[in-house]
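Inside the fold
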Amino acid sequence: MTNSSLRRFARREWGPLFWTIRDSLARDKGRAIPMTLGAVCLTSVFQIVQNTSWGFQPVQDLGSVKAVDPLWLALLRTPLSLFVPALDLPVWGALAQILLVFGISEICVGWWRTLVVGYVATLAGTTYARIGLSLGPDHPFGLPVSDRVVNDTGPSAAVVGLAIYVCWRYRAYLTGALVILVMIGEVLIKDNLAGKEHLAAIAAVMVLCVMRATWGPRRSRAPLGHSPPPASSAPPGA
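Residues numbered from 1 in each chain as written. Predicted model: local features only at pLDDT ≥ 70, side-chain atom pairs only at ≥ 80, totals over all residues. Heavy atoms only, no water.

1. What about the confidence of the model for the chain?
- Of all residues in the chain, 91% attain a pLDDT of 70 or more, and the chain-wide mean is 90.
- In the predicted structure, residues 226-238 sits below a pLDDT of 50 and forms 29 contacts with residues beyond four places in sequence or in another chain. (pLDDT = per-residue confidence, 0-100. Contact = heavy atoms within 4.5 Å.)

Laid out in structure tokens, this is it:
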């Protein structure tokens, strides 16, 4: 592939996305991503509090989701579970994911769509955990009984779902396909609850994209060849 071909590919794959992000940040700076910055602060606060002698249990009561919990309790805790850092992962990873992916999504599709898609992905993972446990460890999509008590928190499922949605919205199809392949590879290399929840999140968001493409407004995605309008001025249903 020649340099000109690479430039054309990069312009087609990432051009609308890049120009939307660049223009928004140049114009508004931090004001372009208020929800994202709030989410970073909330996650940081939860991390600090849950590592104190008195704060661990309150944080778990507010945002810890396990498949063994009653469904009503899991649904009640889900909104905050997205911002409670996973205990077995470094917090900087969660903060970087939120700042980068939530920030891009907030600029490109707006803050409320970012939250909706993020929660759809998160709820898909939570729902899958219960289905997987009912299928059992011998089923290809099943889970072992030990996963009933796994602490299922953090933004990763929402991040994966948002990445797919933004790639679809801005026609970055190869990038979206690479995200899916990486998540499949994650499950093949390390077959755990988190990896399978990521696939469930991808499936849920892909269904959402199909629904938007089929029944949503005609201008449901960014046009090719030039920068789309900012999310704040985009028509409803963009």
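This is not the end of the story, as more comes after the structure.
2. Details of the packing of aromatic side chains
- Tallying each qualifying case throughout the model produces three aromatic pairs.
- When the ring of Phe9 is compared with that of Trp14, the centres are 5.6 Å apart and the planes differ by 80°; the resulting orientation is edge-to-face.
- With a relative accessible area of 40%, Trp14 lands in the partly exposed category.
- A ring pair is formed by Phe18 and Trp19, whose centres lie 5.3 Å apart and whose planes are at 75°; its orientation type is edge-to-face.
- The exposure class of Phe18 is partly exposed, given its relative accessible area of 46%. (Phe/Tyr/Trp six-rings, centres within 6.5 Å; stacked < 30°, edge-to-face > 60°. Buried < 20%, exposed > 50% of the residue type's maximum accessible area, 1.4 Å probe, protein only.)

3. So, a positive patch on the surface
- A grouping of Arg7, Arg8, Arg11 and Arg12 is seen on the molecular surface, where their side chains present a positively charged patch.
- Along the chain, Arg11 turns up in helix α1 (residues 3-28).
- Note on Arg11: relative accessible area 54%, which makes it exposed. (Patch = residues over 30% accessible without salt bridge, like charges linked within 9 Å, V, L, I, M, F, W, Y side chains within 5 Å. Areas by Shrake-Rupley, 256 points an atom, 1.4 Å probe, with all protein chains shown as cover. Salt bridge = Lys/Arg side-chain N within 4 Å of Asp/Glu carboxyl O. Lys, Arg positive; Asp, Glu negative; His and termini not counted. Charge placed at Lys NZ, Arg CZ, Asp CG, Glu CD. Helix = DSSP H or I, 4+ residues; strand = E, 2+ residues; numbered from the N terminus.)

4. A short note on the packing of α1 against helix α5 (residues 91-109)
- It is at 10 Å that the axes of α1 and α5 come closest, and there the two elements cross at 90°. By the criterion of interaxial angle, the relationship of α1 to α5 is roughly perpendicular. Contacts between α1 and α5 involve Leu17, Thr20, Ile21, Ser24 and Leu25 from the former and Ile104, Ile107 and Cys108 from the latter.
- Here the contact of α1 with α5 is built from residues that sort into six nonpolar, two polar and no charged. (Axes fitted to C-alpha atoms, helices over the stretch in contact; angles between N-to-C directions. Parallel < 35°, antiparallel > 145°, perpendicular 65-115°, else oblique. Nonpolar A, V, L, I, M, F, W, Y, C, P; charged D, E, K, R; others polar.)

5. Structural notes on the layout of surface pockets
- Looking at the largest pocket, its volume works out to about 770 Å³.
- Surrounding the largest pocket, 33 residues form its lining, Ala86, Asp88, Leu89, Ser156 and Ala194 being those nearest its centre.
- Among the elements of the structure, α5, α6 (111-135), α7 (156-169), α8 (173-189) and α9 (193-215) are those that each provide at least two residues to the lining of the largest pocket.
- Each residue belonging to the lining of the largest pocket can be placed in one class, and the counts come to 15 nonpolar, 12 polar and six charged. (1 Å grid on protein atoms, 1.4 Å probe; cavity = no way out; pocket = protein on both sides within 12 Å on 5 of 7 lines; lining within 4 Å. Points joined across faces, edges and corners; volume = space filled by probe spheres on them.)

6. Section: the packing of helix α2 (residues 34-50) against α5
- The contact between α2 and α5 brings their axes to 8 Å, and the two run at 165°. Taken together, the axis directions place α2 and α5 in an arrangement best described as roughly antiparallel. Judged by the sense of rotation from one axis to the other, the crossing of α2 with α5 is right-handed. Between α2 and α5, the residues in contact are Pro34, Met35, Thr36, Leu37, Ala39, Val40, Thr43, Ser44 and Gln47 and Val91, Leu95, Ile98, Leu99, Phe102, Gly103 and Glu106, respectively.
- Partitioning the contact of α2 with α5 into residue classes produces 10 nonpolar, five polar and one charged. (Left-handed = near helix turned anticlockwise from the far one by under 90°.)

7. Description of the side chain of Glu13
- Inspection of the secondary structure puts Glu13 in helix α1.
- One polar contact links the side chain of Glu13 to the main-chain amide nitrogen of Tyr173, over a distance of 3.5 Å.
- Look past the residues within four positions of Glu13 in its chain and what remains in contact with it is Tyr170, Arg171, Ala172, Tyr173, Leu174 and Thr175. (Polar contact = N/O pair within 3.5 Å; in protein donor to acceptor, adjacent residues only side chain to side chain.)

8. Side note on the pattern of salt bridges
- Within this structure, the stated rule accounts for five salt bridges.
- The partner of Asp61 in a salt bridge is Arg77, with the nearest N and O atoms 4.0 Å apart. In this pair, Asp61 sits in helix α3 (residues 56-63) while Arg77 sits in helix α4 (residues 71-81), placing the two residues 16 residues apart along the sequence.
- By relative accessible area, Asp61 is classed as partly exposed at 42%.
- What you see here is one network of salt bridges that share partners, running through Asp61, Asp69 and Arg77.

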